[in-house]
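A structural walkthrough
If you want the building blocks of each chain, they are given just below.
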Amino acid sequence: MTSNRFLLPCSVLIVFSMVLLSTRSQQKSNSLLIVNAQLADGTGSPLRKANVRISQGRIVGIGQLQPEKDEPTLDAKGLVLAPGFIDIHNHSEEGLQSDPLAETQIAQGITTLLVGPDGESPWPIIGFLRGLQQNPASVNVGTFAGHATIRERVMGADFKRVATPVEVTQMQQLVSQGMNQQALGLSSGLEYEVGSYSATDELVAMADTAAKAGGIYMTHIRDEADKSFEALAEEITIGERAHIPIEHSHIKLGTVGVQGKAAAYIKVIENARKRGVDFLADCYPYDAWHSNLKVVVPDKQYENPKSVGQALASYGGGSHLTITEFSPNKSYVGKTLGDLAKANRISEVDMYIRLIREGDAAHTEASIIGQSMIESDIKAFYQQPWVMVASDGGINAEHPRGAGTFPRVLGVFVREKHWLTLPEAIRKMTSLPAQRLGWKDRGVIRGGAFADLVLFNPDTVIDRSTYANPTALPTGIEKVFVNGVLVWDSGKPTGVRPGLVLGLRGPVLNTLN
Ligand SMILES: [Zn+2]
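Overview of the structure. (Residues numbered from 1 in each chain as written. Predicted model: local features only at pLDDT ≥ 70, side-chain atom pairs only at ≥ 80, totals over all residues. Heavy atoms only, no water.)

1. Some points on the overall build of the protein
- If you tally the helices and strands in the protein, you get 17 helices and 23 strands.
- Its C-alpha radius of gyration of 23 Å places the protein within 12% of the 24 Å reference for a compact globule of 513 residues.
- The 513 residues of the protein split such that 58% are buried.
- Pairs at least 24 apart in sequence give 76% of the contacts found in the protein among residues at least 6 apart. (Helix = DSSP H or I, 4+ residues; strand = E, 2+ residues; numbered from the N terminus. Rg over C-alpha atoms; globule rule 2.2 N^0.38 Å. Buried < 20%, exposed > 50% of the residue type's maximum accessible area, 1.4 Å probe, protein only. Contact = heavy atoms within 4.5 Å.)

2. A few points about the pattern of salt bridges
- Overall, the coordinates contain 25 salt bridges when judged by the stated rule.
- Here Arg48 ties to Asp41 by a salt bridge, and the two come within 3.2 Å at their closest N and O atoms.
- Overall, Arg48 belongs to the partly exposed group, its relative accessible area being 35%.
- Assessed through its relative accessible area of 9%, Asp41 is described here as buried.
- A salt bridge links Arg436 to Asp278; the shortest N-O distance between them is 2.7 Å. On the criterion of sequence distance, the pair formed by Arg436 in helix α17 (residues 431–437) and Asp278 in the loop between α10 (262–274) and β13 (279–283) is long-range, its members being 158 residues apart.
- According to the relative accessible area criterion, Arg436 is buried, its value standing at 5%.
- Residue Asp278 is classed as partly exposed on the basis of its relative accessible area of 35%.
- Sharing partners across several salt bridges, the network here consists of Arg53, Glu68 and Glu71. (Salt bridge = Lys/Arg side-chain N within 4 Å of Asp/Glu carboxyl O.)

3. Digging into the environment of Thr143
- Structurally, the position occupied by Thr143 is in strand β8 (residues 140–143).
- Once residues lying within four places of it in the same chain are set aside, the contact partners of Thr143 are Leu114, Val115, Gly116, Ser121, Pro122, Ile125, Phe128, Leu129, Gln182, Ala183 and Leu184.
- Polar contacts involving the side chain of Thr143 include one to the main-chain carbonyl oxygen of Val115, which spans 3.2 Å. (Polar contact = N/O pair within 3.5 Å; in protein donor to acceptor, adjacent residues only side chain to side chain.)

4. Some words on helix α14 (residues 375–382)
- Of all the positions in α14, only Asp377, Ile378, Phe381 and Tyr382 are classed as buried. Taken down its axis, α14 places every buried residue within 130 degrees of arc, on the same side.
- Where α14 is buried, its residues contact α10, β13, β17 (387–389), α15 (401–416) and α16 (422–429). (Arc of directions from axis to C-beta.)

5. Brief notes about the coordination of the zinc ion
- At 2.1 to 2.8 Å from the zinc ion lie its protein donor atoms, namely Asp118 (OD), Asp118 (OD), His220 (ND1) and His250 (NE2).
- Seen from the zinc ion, its four donor atoms lie at angles of 51 to 133 degrees, and the figure they make is irregular.
- Between the donor residues of the zinc ion, the gaps in sequence give the motif D-x101-H-x29-H. Taken as a pair, Asp118 in the loop between β7 (110–115) and α4 (125–134) and His250 in the loop between β12 (246–248) and α10 lie far apart in primary sequence, 132 residues in all. The same class applies to Asp118 and to His250, which are both buried. (Donors = N, O, S within 2.8 Å, 3.2 Å for Na, K, Ca; no water. Tetrahedral: all angles 85-135°; square planar, octahedral: opposite > 155°, others 65-115°.)

6. Details of the sheet that holds strand β15 (residues 321–325)
- The three strands lie next to each other as β14-β16-β15, forming an open sheet whose pairing is antiparallel. Both outer strands of the open sheet, β14 (288–292) and β15, are each paired with one neighbouring strand and no more. Averaged over neighbouring strand pairs, the angle between their axes works out to 30 degrees when direction is ignored.
- Sheet topology places β14 next to strand β16 (residues 367–371); five bridges connect them, and they run antiparallel. Bridged to Asn292 within β16 is Ser367. (Pairing = 2+ DSSP bridges. Axes fitted to C-alpha atoms, helices over the stretch in contact; angles between N-to-C directions.)

7. Quick notes on the packing of helix α6 (residues 165–180) against helix α8 (residues 200–212)
- One way to put it is that α6 packs onto α8 with a least axis distance of 9 Å and a crossing angle of 30 degrees. The orientation of α6 with respect to α8, classified from their angle, is roughly parallel. For the pair α6 and α8, the sense of crossing is right-handed. Between α6, through Val168, Met171, Gln172, Val175, Ser176 and Met179, and α8, the contact on the second element is made entirely by Glu202, Ala205, Met206, Thr209 and Ala210.
- Within the contact of α6 with α8, the residues separate by chemical class into seven nonpolar, three polar and one charged. (Parallel < 35°, antiparallel > 145°, perpendicular 65-115°, else oblique. Left-handed = near helix turned anticlockwise from the far one by under 90°. Nonpolar A, V, L, I, M, F, W, Y, C, P; charged D, E, K, R; others polar.)

8. Overview of the sheet that holds β12
- Here we have six strands laid out as an open sheet, ordered β9-β10-β11-β12-β13-β17, and parallel in their pairing. Only two strands of the sheet have a single partner each, and these edge strands are β9 (145–146) and β17.
- Both β13 and β17 contribute to a ladder of three bridges, which runs parallel. Bridging across to β17, Asp282 finds its partner in Met388.

9. Considerations on the packing of helix α5 (residues 147–155) against α6
- It is at 9 Å that the axes of α5 and α6 come closest, and there the two elements cross at 130 degrees. By the angle class used here, α5 and α6 are oblique. Where α5 crosses over α6, the two elements pack in a sense that is right-handed. Residue-level contacts link Ile150, Arg151, Arg153, Val154 and Met155 of α5 to Glu167, Gln170, Met171, Leu174 and Val175 of α6.
- Of the residues in the contact of α5 with α6, the class split is six nonpolar, one polar and three charged.

10. Some words on the packing of aromatic side chains
- Applying the stated rule across the entire model yields nine aromatic pairs.
- Ring centres of Phe326 and Tyr332 lie 5.6 Å apart, and the angle between their planes is 15 degrees; on these two criteria the pair is classed as stacked.
- For Tyr332, a relative accessible area of 6% translates into the label buried.
- Here a set of aromatic residues connected by ring pairs shows up, and it is made of Phe229, Tyr265 and Phe381.
- Note that Arg401 overlies the ring of Tyr284, its terminal NZ or CZ placed 4.6 Å from the centroid. (Phe/Tyr/Trp six-rings, centres within 6.5 Å; stacked < 30°, edge-to-face > 60°. Lys NZ or Arg CZ within 6 Å of the ring centre and 35° of its normal.)

11. As for unusual backbone geometry
- Put simply, Trp123 and Pro124 share a cis peptide bond, and its omega is -5 degrees.
- Of note, the phi angle at Gln56 is positive, near 55 degrees, even though the residue is not glycine.
- Within the secondary structure layout, Gln56 lies in the loop between β2 (48–55) and β3 (58–63).
- One non-glycine residue with positive phi stands out, namely Asp392, at about 55 degrees.

12. Focus: the environment of Gly404
- Locating Gly404 in the fold gives a position in helix α15.
- Along the chain, Gly404 and Met351 lie 53 residues apart, while their C-alpha atoms are 32 Å from each other.
- Filtering out sequence-adjacent residues up to four positions away, Gly404 remains in contact with Gln108, Tyr286, Asp463 and Ser465.

Here you go:
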């Protein structure tokens, strides 16, 4: 259905919507006072005791507030009250359709998740966002525009080459279209097939277009293995040439050749930051990654025994690579490449090549988990003030990060290992991602901010998802509010779905009609 009144310029409608949202008629009957909580307000400030009043989806008071007559109260004694966690790198775009309650996400305290990372996004953006408005989720959702998604639309199956100037211009037009349809920026996944053939200039051009529309550049860089430093240099070049804020996805040093070099890697980033590059990163709290079988071999010679042998050695051998999904032969699932080679009495190299051939024959590829990061690097990254927490997981993830990331940081890195303080960990889950996205009224507990809130027990919060059981729910997250509405309570979803669609300027209300 189309009508002329929906053809008003987007900006007019956005302003109109913001006015509507900020009209806080403080009807006390609709308010709730949370009392006796320890506040971790998202800024990194020390915990403090305060009562918090929420009403009409917003935080309307903080301090020594007393309940009004008939006002409901929630006693949060012994619990920490924090802003809802913002997961800037989440793969739930499909999961949200089948599981809009997003149980594994709200159970962790996630109240906002951003999809479309690693260069692959829904398309057209507007279709995806309209779908979410019609069938809302329990959490707020936004999306990036994917570089590979756009590249494939322009180049079709002929993507295994550098794009022509005409094609780059067409890709820029699609970036513009995505940004107009409320994408948060451009994402890329340069280690993956489609993105890997792009030249730096192509990425600069597309990032420049995203930057002019106020977007960020979120990137899974070209190499997280032996060529990590070269890939980092390219990323910084793209940021500098396109004048765009960078979000470095899942920072890691993922092969034996670069393990232990976090200090040098951090130094390169610090130097870029000193030169004015707006560089932030995220890191998931696990020493194993999850990807496709082909990313293991950087020169793409998947059936060349020499290339495969070198690649497997760089990950410490086939015992570090576990198959998590392989539709042509389910019996491989849960086994390492080393196990399979032994069982078949062939070398690990031959087993790898067999998996590639069986996958290619079925037009698919095995999913794998590779255990190849070391704790000292993860610790060094987590201790940088410009590194935030993000899951790289999502609904139905095959890696425990999909259901465990945020409670794991709080339970293991804060409580057990003392790598960082609780307020600093909360800052990395809330105001830091909000800052990256330019959102001023989420990620912080402040009067007027949206009431996305998490109440958790700092003494018990812990992840329970494992590689064998990746969707097991964490414990210790007691209550979760999204836009002032309780979505998670005492171990289960409440069944309500108050999540909004979010763009760069906040909620996208009628602007998608
Ligand atoms: Zn990635």
